[in-house]
Amino acid sequence: MTDNGEDRRRIRIVLLITLLFISFVMMGFSQRRITLNFKSIAYAVVFPFHYAGVKSIEGVKDFFTSIKNNRHLREELKETKRTLEKYERIIYEYEEIKRENERLRKLIGIQSRFDYETIIAEIIAKSPQNFYKTIIINRGRNSGIEKYMPVIAYQNNRQCLVGKIIDVQKYSARVQPIIDQLSYTGAMLKRSRYSGLLVGQSPISNYCLLQYIDKRASISYGDEVVTSGMGGVYPKGILIGRVVSVSKKRYGIFQEALVAPEVDFGKLEEVYVITKKVTVSE
Amino acid sequence: MLKKYAIFLFIIGALIVFQSTFVYNSITVRDVGPDFLMIIVVAISFFLGSVSGEIFGFITGIIADIISGGLLGLSAFTYTVIGYGVGLLGNKIYGNYYILSIFIVFVATFVKALIMAMLGSLFIKPGYFGFFTHGRIFLEAVMNGVISPLFFLIVYKIENRVTG
């Protein structure tokens, strides 16, 4: 081999070792959260370009979709007006029932009921890797978003859990969904009230595994799983999903259940970040 | 030379953005989609050699890691190794590039999954090794393989046109 060829080979190997070493060091620091600020800074630099790119692609898609859907718009408008009238009547009735309910609660002295103050956010991007399932929303520190705030969504007219905020920038935040392998959620079976720990299974599957459930608990297919409120991140009682299978080992004191999340992460467009719990009645 | 690199960087940037939009979801099967980033790294490495391959692999991986919010350096490490390996192969394999591309990308997907699973087990959580053994990676490998000739064609055309 000539000197030139030998030099080139040496450069290749030195470069490889250097790049792998840098990657390895970053992984090490990343796990100790020392590079958290570096990651945030790096993402803050990349974010404007990423956001602009994502919006451009979605803009092009929306443009073609809107042309395609134009003919249906008139009919939809008429239908929407009819639906709106119907909902206006329902809201009026709801307000009446709410007032009556509050009055009755006061009369019989029921304890406080809680609701949540939320901020609506649009999902602007997701992880480009099949390996991760994180999503990015268009609300950040300037909207009052903080780390570990719970994130919910409304699907099929039901409030259900999406995940929690794990990283906040000024104009964006990153959400770790409950299906992520690093997500742990205090959960319980709504019917039997037995609690356990819900662990995400992605990228292996889009289901979650409810672990450490007392073996005495009777679990059936379709049982609803809700947040238990333990751990202090998620408020109690938010719907997570439904049991699809149960695994009971012969030995041991616990059983496990596979849970299908109520949220369809593929169709998720908007989410609500719970900023604080508010009392609506006393 | 610089113009060629700038074009490749632009393509990588566009692919990263595309892969992080929900438009990308429409081409997924059972929630698994092709990894355009890995395919472009493989194609660049094949035609430009291992030095360019490892540099492009590192840059692509680090940007993907930043946007993913996952373990910083995981994709960078993986794509660097793939870039280097495929770059070495590029000089030694002869035949129809487009047929070769299917085989190389198919194998590279498994190498990617293996490295990611091992590093994931080491730095994130032991269970991450499951990604390699699960059938989803086979599906991704097939998708990547099917799409790869298109990427090889694009990189080949750019390489030839800009170089000479």
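Residues numbered from 1 in each chain as written. Chains lettered and ligands numbered in written order. Predicted model: local features only at pLDDT ≥ 70, side-chain atom pairs only at ≥ 80, totals over all residues. Heavy atoms only, no water.

Colleague: Which parts of the structure should I look at to understand the overall build of chain B?
Modeller: Tallying secondary structure elements over chain B gives 7 helices and 0 strands in all. When the helices and strands of chain B are read in sequence order from the N terminus, they spell out α-α-α-α-α-α-α. Split into buried and exposed, the 164 residues of chain B put 59% on the buried side. Counting only contacts in chain B whose residues sit at least 6 apart along the sequence, the fraction spanning at least 24 positions is 73%. (Helix = DSSP H or I, 4+ residues; strand = E, 2+ residues; numbered from the N terminus. Buried < 20%, exposed > 50% of the residue type's maximum accessible area, 1.4 Å probe, protein only. Contact = heavy atoms within 4.5 Å.)

Colleague: How do you make sense of the packing of helix H3 (residues 50–68) of chain B against helix H4 (residues 74–90) of chain B when you look at a structure like this?
Modeller: Packed helices, taken two at a time, are described by the angle between their axes plus the distance between the axes. All names here are of chain B. As a packed pair, H3 and H4 sit with axes 7 Å apart at the nearest point and diverge in direction by 160°. In terms of axis orientation, H3 runs roughly antiparallel to H4. Note on packing geometry: the crossing formed by H3 with H4 is right-handed. Contacts from Ser50, Gly53, Glu54, Gly57, Phe58, Thr60, Gly61, Ile62 and Asp65 in H3 reach Leu74, Ser75, Ala76, Tyr79, Thr80, Gly83, Tyr84, Gly87 and Leu88 in H4. Classifying every residue of the contact of H3 with H4 gives 7 nonpolar, 9 polar and 2 charged. (Axes fitted to C-alpha atoms, helices over the stretch in contact; angles between N-to-C directions. Parallel < 35°, antiparallel > 145°, perpendicular 65-115°, else oblique. Left-handed = near helix turned anticlockwise from the far one by under 90°. Nonpolar A, V, L, I, M, F, W, Y, C, P; charged D, E, K, R; others polar.)

Colleague: Would you explain the packing of aromatic side chains in this entry?
Modeller: The geometry of two aromatic rings is summed up by the distance between their centres and the angle between their planes. Residue and element names in this part refer to chain B. Going through the model one piece at a time under the given rule, you end up with 19 aromatic pairs over all chains. Between Phe18 and Phe36, the ring centres sit 5.9 Å apart and the planes meet at 40°, which makes this aromatic pair tilted. With a gap of 18 residues between them, Phe18 in helix H1 (residues 2–19) and Phe36 in helix H2 (residues 36–48) connect regions that are remote in the sequence. On the numbers, 5.7 Å between centres and 65° between planes, the contact of Phe47 with Phe152 is edge-to-face. (Phe/Tyr/Trp six-rings, centres within 6.5 Å; stacked < 30°, edge-to-face > 60°.)

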